[in-house]
Amino acid sequence: MSSMPKAYLTRRIQLSACHRLHSTSLTVEENARVYGKCNNINGHGHNYIVEVTLFGEVDQRTGMVMNLTDLKAEMETAIMDVADHKNLDKDVAYFKDVPSTTENVAIFFWCNLKQTMKKPSLLYEIKIHETENNIVIYRGD
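It should be emphasised that the depicted structure is a prediction, and the values quoted were computed from it without experimental measurement.

### Quick notes on the side chain of Asn39
Here is step 1: Residue position: Asn39 is located in the loop between α1 (28–35) and β2 (44–57).
Here is step 2: Among all residues touching Asn39, those that are not within four sequence positions of it are Arg20, Leu21, His22, Asn31 and Ala32.

### Topic: the pairing of strand β5 (residues 135–138)
Here is step 1: With burial as the criterion, only one face of β5 is covered, namely that bearing Val136 and Tyr138; the residues Ile135 and Ile137 on the opposite face remain uncovered.
Here is step 2: Bridge count between strand β4 (residues 123–129) and β5: 4 bridges; the pairing is antiparallel. Directly across from Ile128, in β5, lies its bridge partner Val136.
Here is step 3: Hairpin connection between β4 and β5: a loop of 5 residues separates the two successive antiparallel strands.

### Focus on helix α2 (residues 68–83)
Here is step 1: For α2, which comprises 16 residues, the first-to-last C-alpha distance of 21 Å matches the rise-based estimate of 22 Å (1.5 Å per residue) to within 8%.
Here is step 2: Along α2, the largest kink reaches about 45° and is centred on Glu76.
Here is step 3: Along its buried surface, α2 packs onto β1 (6–19), β2, β3 (86–87), α3 (88–91) and α4 (102–116).
Here is step 4: Put simply, Asn67 is the residue that caps the front of α2, since its side-chain oxygen is 2.7 Å from the backbone nitrogen of Thr69.
Here is step 5: Looking one or two places after α2, you find His85, whose phi comes out positive at around 55°.

### A word on the sheet that holds β5
Here is step 1: The sheet built from 5 strands is open, its strands ordered β3-β1-β2-β4-β5 with mixed pairing. The open sheet is flanked by β3 and β5, the only strands paired with a single partner.
Here is step 2: Pairing geometry for β1 and β3, over 2 bridges, is parallel. Its bridge partner being in β3, Ala17 is matched across the sheet by Lys86.
Here is step 3: Strands β1, β2 and β3 of the sheet are contacted by α2, whose axis makes an angle of about 25° with β1.
Here is step 4: Each of β1, β2, β4 and β5 is contacted by α4, which is oriented at about 145° to β4, the strand it contacts most.

### A look at the nonpolar core
Here is step 1: Counting 32 residues, the largest nonpolar core has Val50, Val52, Leu54 and Phe109 as its most contacted members.
Here is step 2: With residues up to four places along the chain from it excluded, the contact list for Val50 reads Arg11, Arg12, Ile13, Leu15, Met75, Ile79, Phe109, Ile126, Lys127 and Ile128.

### A few points about the pattern of salt bridges
Here is step 1: Throughout the structure, instances matching the rule amount to 3 salt bridges.
Here is step 2: The residue Glu51 makes a salt bridge to Arg12 at a minimum N-O spacing of 3.5 Å. Here Glu51 is found in strand β2, whereas its partner Arg12 is found in strand β1, with 39 residues between them in sequence.
Here is step 3: Between Glu125 and Arg139 there is a salt bridge whose closest N-O contact spans 2.6 Å. Of this pair, Glu125 sits in strand β4 while Arg139 sits in the segment after β5, placing them 14 residues apart in sequence.
Here is step 4: For Glu125, a relative accessible area of 8% translates into the label buried.

Conventions we followed
- Sequence order sets the numbering: in each chain, residues are counted from 1 along the sequence as written.
- The model is predicted, so local features are restricted to residues of pLDDT at least 70 and side-chain atom pairs to those at 80 or more, both for listing and for counting; the totals for chains, interfaces and linings are taken over all residues.
- Excluded from the side-chain calculations are hydrogens and water; all other atoms, namely the structure's heavy atoms, are used.
- Each helix is a run of H or I in the DSSP string that is no shorter than four residues. Each strand is a run of E no shorter than two, and both are numbered from the N terminus.
- In this analysis, two residues are considered to be in contact whenever any of their non-hydrogen atoms come within 4.5 Å of each other.
- Only protein chains enter the accessibility calculation, which uses a 1.4 Å probe; a residue whose area is less than 20% of its type maximum is buried, one above 50% is exposed, and one in between is partly exposed.
- When DSSP locates at least two bridges between a pair of strands, those strands are taken to pair.
- Under the convention used throughout, the expected extent of a helix is 1.5 Å for every residue step, that is, one less than its residue count.
- Here the bend at each residue means the angle between axes fitted to two seven-residue stretches, the one ending at that residue and the one beginning there.
- What qualifies as a polar contact is a pair of N or O atoms within 3.5 Å, subject to a donor-acceptor requirement within protein and to the restriction that residues adjacent in sequence count only when both atoms come from side chains.
- Note on geometry: axes are lines fitted to C-alpha atoms, helical ones only across the stretch in contact, with angles between N-to-C directions running from 0 to 180 degrees.
- Here, nonpolar core refers to any group of buried Ala, Val, Leu, Ile, Met, Phe, Trp, Tyr and Cys residues whose side-chain atoms link them within 4.5 Å.
- Just to be clear on terms, a salt bridge is a Lys or Arg side-chain nitrogen sitting within 4 Å of an Asp or Glu carboxyl oxygen.

Take a look at the structure:
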């Protein structure tokens, strides 16, 4: 018996948010040394590009891993509603004591999606382009 074909499905969104790289576990001097200009008291902003990739069986009836309309709605709830046009450090409780690095933003989005998705087992990867040159990939590890 052959198994069902599987495929990767990726949806991409863009959001704008600001933050300040700062750790409550470090001294003022350590924060300045570790984060440099990104530790500026007034913070700075990014136009993040977020790619959410699913991996799963292609449904024989629909020909889809997941309906993109459903994925779009889940990404709106788990990512856009909580982070777009927000100050991550002040508006998102998760970052009260967690530095808002792109690595931690990816972990936060992953956890939110896992909680809101109808089929969280399909979630394969979150890729965030913080800048054109800085990209983080998180796969739940």
